[in-house]
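Chains, contacts and geometry: an overview
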Amino acid sequence: MAFTGLSGDVIAQIISLTTPQDACAMSCVSPVFRSIADSDEVWSNFFRPGCDNLIPQTSTKKSLYRELCVHPIRIEGHHM
């Protein structure tokens with residue numbers, strides 16, 4: 001079965017099991033993959049569990065991830 005035969009939810013789950021670098025690379029495959037790979041559903045999985053209510057909301061989880069890579073913040077003694 002080709003990837004194109006899979007639903008967007010399944011592709012998002014597959015991408016979310018990879019790394020942020022892989023998700024960025026997969027966003028270059030096609031416009032459909034870009035939409036899925038850039039989604040909050042995928043990028044939420046790259047954050048520590050339970051931290052959604054501790055971090056500020058921005059336009060997208062991907063942009064928040066990128067911002068935290070440049071400017072990490074400390075939450076309960078851990079870097080994020």
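Before going into details, it helps to say that this report is about the structure given with it. (Residues numbered from 1 in each chain as written. Predicted model: local features only at pLDDT ≥ 70, side-chain atom pairs only at ≥ 80, totals over all residues. Heavy atoms only, no water.)

This next bit is on the packing of aromatic side chains. Per the counting criterion, the structure on display carries 4 aromatic pairs. On the numbers, 6.4 Å between centres and 65° between planes, the contact of Phe-46 with Tyr-65 is edge-to-face. Separated by 19 residues along the polypeptide, Phe-46 in the loop between α4 (40–43) and α5 (61–70) and Tyr-65 in helix α5 bring together distant segments of the chain. Among the aromatic side chains, those forming a connected cluster through ring pairs are Trp-43, Phe-46, Phe-47 and Tyr-65. (Phe/Tyr/Trp six-rings, centres within 6.5 Å; stacked < 30°, edge-to-face > 60°. Helix = DSSP H or I, 4+ residues; strand = E, 2+ residues; numbered from the N terminus.)

Before going further, it helps to examine the environment of Tyr-65. Distance from Tyr-65 to Ser-44, taken between C-alpha atoms, is 9.1 Å for residues 21 residues apart in sequence. Beyond its immediate sequence surroundings of up to four residues, Tyr-65 is in contact with Pro-20, Trp-43, Phe-46 and Phe-47. (Contact = heavy atoms within 4.5 Å.)

The set of residues buried in helix α1 (residues 8–16) consists of Ile-11, Ala-12, Ile-15 and Ser-16. Projected down its long axis, α1 shows its buried positions confined to an angular sector of 135°, all on one face. Residues of α1 that are buried in the fold lie against α2 (20–26), α3 (31–37) and α4. (Buried < 20%, exposed > 50% of the residue type's maximum accessible area, 1.4 Å probe, protein only. Arc of directions from axis to C-beta.)

One finds Ile-11, Ala-12, Ile-15, Ala-23, Phe-33, Ile-36, Ala-37, Val-42, Trp-43 and Phe-46 forming the largest nonpolar core, which totals 10 residues. Mapped by element, the contributors of at least two residues to this core are α1, α3 and α4. (Core = buried A, V, L, I, M, F, W, Y, C linked by side-chain atoms within 4.5 Å.)

Time to look at α5. Turning to α5, its buried residues are Lys-61, Lys-62, Leu-64 and Leu-68. Projected down its long axis, α5 carries its buried residues within an arc of 160°, all on one side. Exposed positions of α5 whose direction lies more than 90 degrees from the buried face are Arg-66 and Val-70.

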